[in-house]
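# Inside the fold
These are the residues of each chain, in order.
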Amino acid sequence: MPLVVMRRAVRETVSGLPREFWWLWTSTLINRLGAFVATFMALYLTLDRGYSASYAGLVASLHGLGGVVSSLGAGVMTDRLGRRPTLLIAQTSTAASVALLGFMHDPVSIAAVAFLVGMASNASRPAVQAMMADIVRPEDRVRAFSLNYWAINLGFAVSSMAAGFIAEFSYLAGFLIEAGMTLVCALVVFAKLPESRPVRTAKEAAAEAGLGTVLRDRRFMSVVGLSFLVSLVFQQGSVGLPVAMGEAGFTPADYGLAIAGNGVLIVALQIPVTRFIQHRDPRRLLVVSSLLAGYGFGLTAFAGSVGVFALTVCVWTLAEIVNAPTQTGLVILLSPTHGRGRYQGMYTMSWSLAALIAPLMSGVVIDRLGAEWLWGLCAVVGTVAALGYGMLMSRLPAEEPAAQVPAAETPVVKVSVAKAPVAKASVAKVSVMEVSVAKAPAVEAPSRKAGPVAEEIIVGAEAAAGPPPQAMPPTPAGPAAVTGPPPAARSRADTV
């Protein structure tokens, strides 16, 4: 029975999403399956190339800085050039720069190319998120973002394990394999994904949302600021936690064992948690996830064994599972349709900036005050973020409906016959149709919806036994008799 329930839950979670979404999902999974360089970059620079840990940290910071720089530019490209061209440019540039990095030996060249890799790899994120919002219905977006986040973590878990074996064989092979798999992603996009950017009218093009518009959007920028605070907390799992455990006498293997729960829980729980959160209030979800993140890391101050460290990882991992898709869906909700790329670029920049600042913050706090102060600070930051979400999102805008084909106005048809009562049928947003037939009783025409954007009208009346006397000549609109209901218009996918 539990297996049957699980299968039904999985089926309900993955059903109903468009084919284009699954090709985009596949591209994301392939990309993360080949993400080897980020995993072994520090080991490559220190062990294989013989550079210092400080230099490795500098390269990592430059990689993050490249992501910060490209976020806004990629957002503008997503809105102006389109989602598909931006993805193709970002992925082919990533493949080329990653392959080039494997052949660099000079420290300045390595640092410069690492910066380019950070720019190129981060440029695809606004386009992916904007395209996903274009092709998925509003009510399914949280579910879609959850599945995409699940693919990211599944791919990362596999690539992290594979990176160790590849590094033992050849670091250069890792660079080339990642470049090749990124090219495969570009081929999937080129062959299977059409452009999804909504067509703009002349009025919408004139009122295009620029970066200044994004910066003046106080509510959205407040959400970006809160996202930055939450991401600062989450970043401590990879920057503050290993340092703190090392200073407490734990080995790298102990850290690996404790942090392994993060990937395992995301892969195991993302789908069932998605079913739980997809129709719930995003404000409450973000408040709860911020508190769980802050106090999950705060509990680390009391950890004295690998088991307790692993328990704290489980707490903030649950926050991560809830926060990531909910916050991405909120960004879409607050973004204008034709400014999604810029808004997503600004949101992506908050995470890139946090990845750049978090290592510096954790190092300064641990060195000067101690690890306990870092975990206490995480609890405070999580609380501030929760309070901010609660105040700023008290009045969320209504979720945009799926784009609809305008219902055509049915023309008024009047047929008059002497001494005949009139049968009237009227439906909202459809013109009144009046039909008069000799000696026919008045009939109220029933109506029923034929789709999200069209209505079907059936009008029935008993015809007279003979031709009506003194019949008016037919109007240019057509014959007097109604031969059947008008065909129902087909609905259109959301914003596609």
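In short, a report on the structure. If you're wondering where the values come from, they're calculated on a predicted model, not measured in any experiment.

## Structural notes on the overall build of the protein
Helices and strands together make up the secondary structure of the protein, namely 18 helices and 5 strands. Evaluated residue by residue, the protein yields a buried proportion of 45% over its 496 residues. Residue pairs at least 24 apart in sequence account for 80% of intrachain contacts in the protein once pairs closer than 6 positions are excluded. Carbon and sulfur atoms provide 67% of the accessible area of the protein, an area that totals close to 24400 Å².

## A closer look at the nonpolar core
In this structure, Phe220, Phe234, Leu241, Met245, Phe297, Phe309 and Trp375 are the most contacted members of the largest nonpolar core, which totals 40 residues. Where this core is concerned, the elements lending two or more residues are helix 12 (218–235), helix 13 (240–247), helix 14 (252–277), helix 15 (282–298), helix 16 (306–334), helix 17 (340–368) and helix 18 (371–392). Examining the composition of this core, we find that 8 residues originate from one element, helix 16, more than from any other. Leave out the neighbours within four places in its chain, and Phe220 touches Val214, Val331, Leu334, Tyr343, Met346 and Tyr347. By size, the runner-up hydrophobic cluster in this structure holds 26 residues, among which are Phe36, Tyr44, Met104 and Val113.

## Here we look at helix 12
Spanning 18 residues, helix 12 covers 25 Å between terminal C-alpha atoms, matching the ideal 26 Å at 1.5 Å per step. Among all positions of helix 12, only Phe220, Val223, Val224, Leu226, Ser227, Phe228, Val230, Ser231, Leu232, Val233, Phe234 and Gln235 are buried. On its buried face, helix 12 is in contact with helix 11 (211–216), helix 15, helix 16, helix 17 and helix 18.

## So, the environment of Met349
Within the fold, Met349 resides in helix 17. Among the residues examined, Met349 registers a relative accessible area of 19% and is labelled buried. On a C-alpha basis, the gap between Met349 and Leu65 in space is 9.8 Å, while along the polypeptide they are 284 residues apart. Met349 has contacts with Val68, Ser71 and Leu72, leaving out every residue within four places of it along the chain.

## Quick notes on the side chain of Thr326
One can find Thr326 in helix 16. Those residues in contact with Thr326, other than ones at most four positions away along the chain, are Ile277, Pro282, Leu285 and Leu286.

## Re the packing of aromatic side chains
Across all of its chains, the model carries 11 aromatic pairs by this definition. Here Phe250 and Phe309 contribute two aromatic rings whose centre-to-centre distance is 5.3 Å and whose plane-to-plane angle is 85 degrees, an arrangement assigned as edge-to-face. You can see Phe250 sitting in the loop between helix 13 and helix 14 and its partner Phe309 sitting in helix 16, a full 59 residues away along the chain. Taking the relative accessible area as the measure of exposure, Phe250 reaches 18% and is therefore buried. Look at Phe309 and you get buried, because its relative accessible area is 4%. With centroids separated by 4.6 Å and ring planes inclined at 15 degrees, the aromatic side chains of Phe297 and Trp316 adopt a geometry described as stacked. On the criterion of sequence distance, the pair formed by Phe297 in helix 15 and Trp316 in helix 16 is long-range, its members being 19 residues apart. As far as the burial class goes, Phe297 and Trp316 line up, both buried. These aromatic residues form a ring-pair network of at least three members: Phe21, Trp22, Trp25 and Trp150.

Calculation rules
- Residues numbered from 1 in each chain as written.
- Predicted model: local features only at pLDDT ≥ 70, side-chain atom pairs only at ≥ 80, totals over all residues.
- Heavy atoms only, no water.
- Helix = DSSP H or I, 4+ residues; strand = E, 2+ residues; numbered from the N terminus.
- Buried < 20%, exposed > 50% of the residue type's maximum accessible area, 1.4 Å probe, protein only.
- Contact = heavy atoms within 4.5 Å.
- Areas by Shrake-Rupley, 256 points an atom, 1.4 Å probe, with all protein chains shown as cover.
- Core = buried A, V, L, I, M, F, W, Y, C linked by side-chain atoms within 4.5 Å.
- Expected span 1.5 Å × (residues − 1).
- Phe/Tyr/Trp six-rings, centres within 6.5 Å; stacked < 30°, edge-to-face > 60°.

All quantities given are derived from atomic positions and should not be read as evidence of function.
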